[in-house]
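What follows is each chain in one-letter form.
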Amino acid sequence: MLETHTITFKKRYRLRSDYAPEKPQLQSFLIDAKQQKSKLARIPERQRGQPNSAVLVLAPALTTLHNAAMGINTVIQANLLHPTRPVTALVLMGGGARTAYQAGVLRALASILLAQSDPPGNFPFKVLVGTSAGAINATCLASFASHGLDAFEKLAQFWAELRSCAVYELNAPSWARVNRYVAAWSLTRQAQVNGAILDNQPMLNSLKRIVELDKIEEALQTRLIDALAVTASSYTSGVHWTFCHTKDDNPFRGWSRPGRRSEFQPITLEHLLASSAIPFLFPSTSLMISGKKEYFGDGSMRQVSPLSPAIHLGAQKILAIGVGQPERAGFSLSNTDAPSRGPTLGRIAGHTMASVFHDTLQADVEQTNRVTQTLRDLPRDAASALPFSSVDVLAIQPTQSLDALAQKHIGELPPDTRKALGGLGILRGGGGTLASYLLFEPGFTQALMTMGENDAYAKKTELLAFFAQP
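Residues numbered from 1 in each chain as written. Predicted model: local features only at pLDDT ≥ 70, side-chain atom pairs only at ≥ 80, totals over all residues. Heavy atoms only, no water.

### Points about the overall build of the protein chain
- Across its full length, the protein chain carries 19 helices and 12 strands.
- Put simply, the protein chain has 470 residues, and 55% of those count as buried.
- As presented, the protein chain carries roughly 20,700 Å² of accessible surface, and 51% of it is formed by carbon and sulfur atoms. (Helix = DSSP H or I, 4+ residues; strand = E, 2+ residues; numbered from the N terminus. Buried < 20%, exposed > 50% of the residue type's maximum accessible area, 1.4 Å probe, protein only. Areas by Shrake-Rupley, 256 points an atom, 1.4 Å probe, with all protein chains shown as cover.)

Here it is in structure tokens:
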């Protein structure tokens, strides 16, 4: 009988606390579903039971889930952590100074939630995941979690007071800064020695002033948050690592996928330097992995599945804030507008930087939503037999070009930096892209925060629905 087939699925694939949906298990599950469907076809119709039952739809649904999940490994097993309360995660993508946009979105979110008749009293996110400068934002929020919704205003204030001189300085002696060509030559020499043209020691000093690591541990122990995760890319092994800071008795299990792995250890300021070490601009940072030293650069490199860490850490709902843009300037030129010459060094540098920070968020969101919709379209008994759970994702990204905005503010770069980068020729013809990662100046960052606030208010209905869901 049909019900017998459904029970067979549930017994054979009873979910274990250590179950992880790898390809062989999914293939076996898919093959079994097809075999059961084939057997069902040989049963007389009058004995099959209800035509819309689990087995009749299981095989095609599994095909959809298999194709999507094996592409990104983002949607994971149902009932793995058995959360006693809804777990909402915040995922913050990377992009240097561009991530001031995230502070604007979150400031508007706080205003939207506070305007409700029953605003949340506690910090609204249990899991925080950050990459590059987004990791700095996430870590700041973890240390501010005891302030509830006021944590977002504190983050916005941090960005309002930030200046480029508090983030980096030129790796060039003072005598070399007199002439832009001499400065450019000096930077080239320093890059050969240090692997970077800028020194991020000022950033470390700024982080020491703003991030209270003991407050993060306190937030974890009092369960204001469940986890803080920071990503970084290893120059040593080529692996994209997610460093997870949780309570000692956490129920989470590590993960290992091709090219990406997790490591559970307390987040330090060195993790933030590693995650935000933009290649060629900032030097690599060493971190210990299983007792061995590895050198790390920006977490945006080789980040193929930005939502995956949040889901592994138990998230059922994810608010993801990116800093990409609808379309890069120059990509939509018509034939009549096509340049007569090849790209300038500035445009090539900008294109290279955009490739490092290639925004994989939208593709990951689409895959996750596709799998979630497939699960919701299944009958309840069929969905409960599958090793997946649905995840609600709301993504917010800039609606205007950040390159164009940075081009308007490029004159705000510190004179020495502007002179040296100008000497290298990388601020001409499309230099706004590169500048957008280094413009930690109030004109640019305030414009970004304003854009973030406007974009968040434009999604007010969706945000309220997102936080209203159980």
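### Re the pairing of strand E6 (residues 240-246)
- A large share of E6 lies buried, amounting to seven of its seven residues.
- Summarising the sheet, strand E5 (residues 227-234) and E6 pair through seven bridges and their orientation is antiparallel. Paired with Ala-232 across the strands is Trp-241, a residue of E6.
- Taking the residues that link successive antiparallel strands as the turn, the E5-E6 hairpin has five residues, and the phi of Gly-238 there is positive, at about 80°.
- Sheet analysis places E6 next to strand E8 (residues 260-264), joined by five bridges and oriented parallel. Paired with Thr-242 across the two strands is Ser-262, which belongs to E8. (Pairing = 2+ DSSP bridges.)

### Looking at helix H15 (residues 402-409)
- Those residues of H15 that sit buried are Leu-402, Asp-403, Leu-405, Ala-406 and His-409. Each buried residue of H15 lies within a common arc of 160° when the element is viewed along its axis, so the set occupies one face.
- Its side-chain oxygen at 3.4 Å from the backbone nitrogen of Asp-403, Ser-401 defines the N-terminal cap of H15. (Arc of directions from axis to C-beta. Polar contact = N/O pair within 3.5 Å; in protein donor to acceptor, adjacent residues only side chain to side chain.)

### Digging into the environment of Glu-294
- With respect to the helices and strands, the residue Glu-294 is situated in strand E10 (residues 292-297).
- Of the polar contacts made by the side chain of Glu-294, one reaches the side chain of Ser-234; its length is 2.6 Å.

### A look at the pairing of strand E11 (residues 317-321)
- Among the five residues that make up E11, five are buried, leaving the element largely enclosed by the rest of the structure.
- Here E11 shows a buried face lined by Lys-317, Leu-319 and Ile-321 and a second buried face lined by Ile-318 and Ala-320.
- Here strand E1 (residues 88-92) pairs with E11 via five bridges, running parallel. Bridge assignment links Leu-92 to a residue of E11, and that residue is Ile-321.

### A look at the packing of aromatic side chains
- Scanning the model with the defined rule gives 11 aromatic pairs in all.
- Plain terms: the ring middles of Phe-125 and Phe-152 are 6.2 Å apart, the flat faces sit at 70° to each other, and that makes the pair edge-to-face. Of the two residues, Phe-125 is situated in the loop between helix H4 (100-114) and strand E2 (127-131) and Phe-152 in helix H6 (residues 150-161); the sequence distance between them amounts to 27 residues.
- Measuring from ring centre to ring centre gives 6.5 Å for Trp-241 and Phe-243, while their planes differ by 25°; the resulting arrangement is stacked.
- On the accessibility criterion, Trp-241 (6% relative accessible area) is buried.
- Cation over ring: Lys-154 sits above Phe-144, and NZ or CZ is 4.9 Å from the ring centre.
- Above the ring of Phe-466, the side-chain terminus of Lys-317 is found at 5.1 Å from the ring centroid. (Phe/Tyr/Trp six-rings, centres within 6.5 Å; stacked < 30°, edge-to-face > 60°. Lys NZ or Arg CZ within 6 Å of the ring centre and 35° of its normal.)

### Some words on the pattern of salt bridges
- Using the criterion set out here, one finds four salt bridges in the structure.
- Glu-453 is the partner of Arg-107 in a salt bridge, and the nearest nitrogen-oxygen pair spans 3.5 Å. Taken together, the positions of Arg-107 in helix H4 and Glu-453 in helix H18 (residues 442-458) put the pair 346 residues apart, joining distant regions of the chain.
- For Glu-453, a relative accessible area of 18% translates into the label buried. (Salt bridge = Lys/Arg side-chain N within 4 Å of Asp/Glu carboxyl O.)

### Here's the deal with the nonpolar core
- One finds Leu-128, Leu-141 and Leu-319 to be the most contacted residues of the largest nonpolar core, which totals 90 residues.
- Per element, the largest residue contribution to this core is 10 residues, and it comes from H4.
- If you look at the next biggest cluster of nonpolar residues, it comprises 23 residues, including Val-87, Val-91, Ala-315 and Ile-318. (Core = buried A, V, L, I, M, F, W, Y, C linked by side-chain atoms within 4.5 Å.)

### Some remarks on helix H5 (residues 133-144)
- Here H5 spans 17 Å end to end across 12 residues, near enough to the 16 Å set by a 1.5 Å rise per residue.
- Where burial is concerned, most of H5 is hidden: 12 out of the 12 residues are buried.
- For H5, every residue scored as buried is listed here: Ala-133, Gly-134, Ala-135, Ile-136, Asn-137, Ala-138, Thr-139, Cys-140, Leu-141, Ala-142, Ser-143 and Phe-144. (Expected span 1.5 Å × (residues − 1).)

### Quick look at unusual backbone geometry
- In this structure, Ser-132 is a non-glycine residue whose phi angle is positive, near 55°.
- Within the secondary structure, Ser-132 sits in the loop between E2 and H5.

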